[in-house]
Each structure stands twice: as structure tokens, then as C-alpha cells.
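Structure assessment
Each chain, letter by letter, is given below.
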Amino acid sequence: MDPVVFVLNGPNLNLLGLREPAVYGSSTLADVEALARATGDRLGLVVECRQSNHEGDLVDWIQEARTRARGIVLNAGALTHTSVAIHDAIRGVGVPTIEVHISNVHARESFRHHSYISPVAAGVIVGLGLDGYDLALQALARRIKRPDPSEPITA
Ligand code: DQA
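Below: a short report on this structure. Remember, predicted model here, so these are calculated numbers, not experimental data. (Residues numbered from 1 in each chain as written. Predicted model: local features only at pLDDT ≥ 70, side-chain atom pairs only at ≥ 80, totals over all residues. Heavy atoms only, no water.)

What follows concerns the nonpolar core. The biggest cluster of nonpolar side chains holds 23 residues, and the ones touching the most others in it are V7, L45, V73, Y133 and L137. Breaking this core down by element, the ones donating at least two residues are β1 (4-9), α2 (29-43), β2 (46-51), β4 (97-101) and α5 (131-145). With six residues, the top contributor of residues to this core is α5. Aside from chain neighbours lying at most four places away, what touches V7 is A36, V47, E48, C49, R50, V73, Y133 and L137. Counting 21 residues, the second largest nonpolar core, distinct from the first, contains L8, W61, V120 and A121. (Core = buried A, V, L, I, M, F, W, Y, C linked by side-chain atoms within 4.5 Å. Buried < 20%, exposed > 50% of the residue type's maximum accessible area, 1.4 Å probe, protein only. Helix = DSSP H or I, 4+ residues; strand = E, 2+ residues; numbered from the N terminus. Contact = heavy atoms within 4.5 Å.)

Below you can see the structure in the form of C-alpha cells.
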């Protein structure tokens, strides 16, 4: 059985394609999820995609990952900048989590410059559009096969 990875999207990401296309592009959440599943197939990962506008759902899913998933790709949307609960959940479960943002949050308003997730993330990818999800899955696949990141990459 291939390892399971969760791809979790937070508030307002259900509006991708409609919401601020100049910032987030014209692809929809369904496109993101189809891409993630295709990348998962290529990498030998079972990708489970979920989206919620509610902080508690994201906390529940991160907790669920403790027993069900080997990694998490997380775009927590605006909760990135506010949620101690998501920070605590990631820290608590110890499942490697890659933080993804479609836009370059550091080139935007100052309230987007701080992340509660970055200090507990295995890595952070910002500003690369939908490629960020793909790159995060690649990083997790490598990490699952090569759990000590200080080892050199051989493949
Ligand atoms: C976002 C950046 C956040 O600041 C914002 O609140 C989002 C999307 C991104 O993917 O660029 O909802 O996470």
C-alpha cells in the first residue's frame, strides 16, 4: 500500500479561479486537487484532498493524519496568520507538514508576513502558484523514502 499524504486547503481556497485571479490565477480548487492526485500517482503516494473554511476541521484533519498519513501539504489560507490551534496541532502530531502559499505572501500586506505554521513546518513554499503543491508532494515523497534530510539526495 502506497503511503498516504493529505493535501489540506483552508478558508476561501474553495473560491480559487473566482477570487482575485490577478493574485491566485484562474485554476480552480478542483484543478489543484486533480493535479495533486496526478502528482501523487507519479510519485507513488495516495493523495487525499480536503478543503474547509473552518479552523476546527483543519485541526481535526491534522490530528487524523497522526495515524493515517505520512505527510501533509497545507495551505491554511488566512488561518496561517492567526491560528495557534493549527500550530499546536502540527506540533502535536509530528507528521511532516509542508506549508504552501500560492501567492508570495512576503510581497503582500504586512499582516501576511507572519506565519504561525512556518516554525512547525518541515518546509515552506511561497509564491510559485500551483507548482507549490507539486513541489511539496515531491519533497514529502523524498522525505518518506529518505527520512533523514541531512542525507544527500541520490535519486
Ligand atoms: C494564501 C495566502 C494567504 O495570505 C491568504 O489569506 C489566502 C491564500 C495563498 O495561497 O497565497 O487565503 O494562503
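Now that the structure is up, let's keep going.
Moving on, we come to the sheet that holds β1. Read from one edge to the other, the open sheet built from five strands follows the order β2-β1-β3-β4-β5, with strand pairing classed as parallel. Of all strands in the sheet, those with a lone pairing partner are β2 and β5 (123-126), marking the two edges. The average angle at which neighbouring strand axes cross in this sheet is 20°, direction not considered. In this sheet, β4 lies alongside strand β3 (residues 71-75) in parallel orientation, the contact comprising three bridges. Its bridge partner being in β4, V73 is matched across the sheet by I98. Strands β1, β2 and β3 of the sheet are contacted by helix α3 (residues 55-68), whose axis makes an angle of about 175° with β1. Contacting β1, β2, β3, β4 and β5, α5 runs over the sheet at an angle of about 160° to β3. (Pairing = 2+ DSSP bridges. Axes fitted to C-alpha atoms, helices over the stretch in contact; angles between N-to-C directions.)

The next thing to look at is α5. Because each turn of an α-helix spans 3.6 residues, side chains separated by three or four positions in sequence point in the same direction. Between its first and last C-alpha atoms α5 spans 21 Å; for 15 residues at 1.5 Å apiece the expected length is 21 Å, and the two agree. On its buried face, α5 sits against β1, α2, β2, β3, β4 and β5. (Expected span 1.5 Å × (residues − 1).)

The next point concerns the environment of S83. On the secondary structure map, S83 appears in the loop between β3 and α4 (84-93). With 24 residues separating them in the primary sequence, S83 and V59 have C-alpha atoms 9.9 Å apart. Leaving out residues up to four positions away in the same chain, S83 has contacts with E55 and Y116. Here the side chain of S83 touches I86 through a polar contact of 2.9 Å, landing on its backbone nitrogen. (Polar contact = N/O pair within 3.5 Å; in protein donor to acceptor, adjacent residues only side chain to side chain.)

Moving on, we come to empty space enclosed by the protein. Across all of its chains, the model carries one cavity of 30 Å³ or more by this definition. Roughly 30 Å³ of volume is contained in the largest cavity. Among the elements of the structure, α2 and α5 are those that each provide at least two residues to the lining of the largest cavity. If one sorts the elements of the lining of the largest cavity by residue count, α2 sits on top with four residues. Of the residues contributing to the lining of the largest cavity, the split by class is five nonpolar, one polar and one charged. (1 Å grid on protein atoms, 1.4 Å probe; cavity = no way out; pocket = protein on both sides within 12 Å on 5 of 7 lines; lining within 4 Å. Points joined across faces, edges and corners; volume = space filled by probe spheres on them. Nonpolar A, V, L, I, M, F, W, Y, C, P; charged D, E, K, R; others polar.)

Across the interface, α2 lies against α5 with an axial gap of 10 Å and an inter-helix angle of 30°. Taken together, α2 and α5 sit at an angle that is classed as roughly parallel. Helix-helix and strand crossings are classified by hand; for α2 and α5 the assignment is right-handed. In this structure, α2 contributes V32, A36, T39, R42 and L43 to the contact, and α5 contributes Y133, D134, L137, Q138, A141 and K145. Its residues assigned to classes, the contact of α2 with α5 shows six nonpolar, two polar and three charged. (Parallel < 35°, antiparallel > 145°, perpendicular 65-115°, else oblique. Left-handed = near helix turned anticlockwise from the far one by under 90°.)

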